[in-house]
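Structural overview for review
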Amino acid sequence: MATPSAGRRGIGPALPLLLPAYLWLTVAIFLPLSAMAFFSFMTDLPLSGKAWSLTVQNYAAFLSSGLYLTLLLSSLRLGLEVTLWCAVIGFPAAYVVAKVLKGRAREAIFLLVILPFWSNGLVRIFSWAMVLREGGILDTALNAVLPFRISIDLMYSYPAVIIGLVHSYVPYMVLTCYLTLQAIDDSLIEAARSLGATRLQTLRRVIVPLAMPGLIAGAVLIFVPVVGSFMEPRILGGRTGTFYGTVIEDQFVAVFNWPLGAALSFILLAVVLLILAAASPVLRRAV
């Protein structure tokens, strides 16, 4: 049985390797978060040269205005819908890459999956704007094929926001599911089929339960940033793209009310952490 002194001796040699990572976390994450937490309790920024004091009015503004709560609920709904669509699209794609394709075909499809990571986010969003607008690529292609004329204009709509976000985040679901599916022994699937299970039963009782850790990891990686997203809703949604994340961006960029923006950000962080904490028993059982 290892003694505490032995544990300390084991940690000691690893400290030089751990120190750069923890130093980076402190400088890049904890210090900015601490500064923003302090700003959220201020009446004004000290950089503005105005007198300031500590207050809780920034948090009270969230409770006193029903608009912020409505936008927060809309953002949570957006996060759930995008996560669901990413699972519907990403899991089958990951299964094909992990279990069906072999050799160069797998490498080519895997390259296409990670290709969005190689381009700037704004480039992807404006590319979708060219596709979804009236007279855009989608509209022109459909009118060139169909015998009758139609008008496709999805710009500045809720579906356009969903499409842009799914395109941006579905690779996370594909990658996490691919890792878990790749680890599933093919003999388990063959055994289920040899025992008389249909393809659907094999998927439901063997493949999905074993791949659940990848699904959960992908869902968390997608849900958390989507709830606070602002670029896709702003550009593709227009007036209908006003969500909690766009309001926070306005406070920092347009209104220059950093204390209120910081307070709204920490409220969002608290809500997301509460959701993850409430779902943790289910997540642990699934994993």
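Everything below is about the structure printed above this text.
Residues numbered from 1 in each chain as written. Predicted model: local features only at pLDDT ≥ 70, side-chain atom pairs only at ≥ 80, totals over all residues. Heavy atoms only, no water.

In this section: the packing of helix 3 (residues 57-64) against helix 4 (residues 66-100). How two helices sit against one another is set out by the angle between their axes and by the gap between those axes. Look at helix 3 against helix 4: their axes get within 5 Å of each other, and the N-to-C directions meet at 75°. Our classification of the angle between helix 3 and helix 4 gives roughly perpendicular. Contacts between helix 3 and helix 4 pair Ala61, Phe62 and Ser64 from the former with Gly66, Tyr68, Leu69 and Leu72 from the latter. Residue classes in the contact of helix 3 with helix 4 are distributed as 5 nonpolar, 2 polar and no charged. (Axes fitted to C-alpha atoms, helices over the stretch in contact; angles between N-to-C directions. Helix = DSSP H or I, 4+ residues; strand = E, 2+ residues; numbered from the N terminus. Parallel < 35°, antiparallel > 145°, perpendicular 65-115°, else oblique. Contact = heavy atoms within 4.5 Å. Nonpolar A, V, L, I, M, F, W, Y, C, P; charged D, E, K, R; others polar.)

The next point concerns the packing of helix 4 against helix 10 (residues 199-227). With their axes 9 Å apart at the nearest point, helix 4 and helix 10 run at an angle of 140° to one another. In terms of their interaxial angle, helix 4 and helix 10 are classed as oblique. For the pair helix 4 and helix 10, the crossing hand works out as right-handed. Contact residues: Ser75, Leu76, Leu78, Gly79, Leu80, Val82, Thr83, Cys86, Ala87, Phe91 and Tyr95 in helix 4; Leu203, Ile207, Val208, Ala211, Leu215, Ala219, Ile222, Phe223, Val226 and Val227 in helix 10. Residue composition of the contact of helix 4 with helix 10, by class: 18 nonpolar, 3 polar and no charged. (Left-handed = near helix turned anticlockwise from the far one by under 90°.)

Next up on the list: the pattern of salt bridges. For the structure on display, the rule yields 4 salt bridges. Of the charged contacts in the structure, one is a salt bridge between glutamate 249 and arginine 234, with a shortest N-O distance of 2.8 Å. Remark: arginine 234 occurs in helix 11 (residues 231-237) and glutamate 249 occurs in helix 12 (residues 244-253); sequence separation between them is 15 residues. Relative accessible area serves as the criterion here: at 22%, glutamate 249 is assigned to the partly exposed category. Notably, a salt bridge pairs aspartate 250 with arginine 234, separated by 2.6 Å at the nearest N-O pair. Of the two residues, aspartate 250 is situated in helix 12 and arginine 234 in helix 11; the sequence distance between them amounts to 16 residues. Each of Arg234, Glu249 and Asp250 takes part in a single network of salt bridges with overlapping partners. (Salt bridge = Lys/Arg side-chain N within 4 Å of Asp/Glu carboxyl O. Buried < 20%, exposed > 50% of the residue type's maximum accessible area, 1.4 Å probe, protein only.)

Here we take up unusual backbone geometry. Of note, tyrosine 156 is a non-glycine position whose phi angle comes to about 60°, a positive value. Here tyrosine 156 is to be found in the loop between helix 7 (137-145) and helix 8 (158-183). Exposure remark for tyrosine 156: the relative accessible area of 53% places this residue in the exposed category. The backbone of phenylalanine 256 shows a phi angle near 60°, a positive value even though the residue is not glycine. Its place among the elements puts phenylalanine 256 in the loop between helix 12 and helix 13 (258-286).

Attention shifts here to the environment of proline 225. Of note, proline 225 is situated in helix 10. Looking at proline 225, the relative accessible area reads 29%, which means it is partly exposed. C-alpha separation for the pair proline 225 and glycine 79, spaced 146 residues apart in sequence, amounts to 8.2 Å. Aside from chain neighbours lying at most four places away, what touches proline 225 is Tyr169 and Val220.

It is worth spelling out the state of the cysteines at this point. Under the criterion given, the structure shown has 0 disulfides. Cysteine 86 takes part in no disulfide bond, and the closest cysteine sulfur to it belongs to cysteine 177, at a distance of 10 Å. Residue classification places cysteine 86 among the buried positions, given a relative accessible area of 0%. (Disulfide = S-S within 2.5 Å.)

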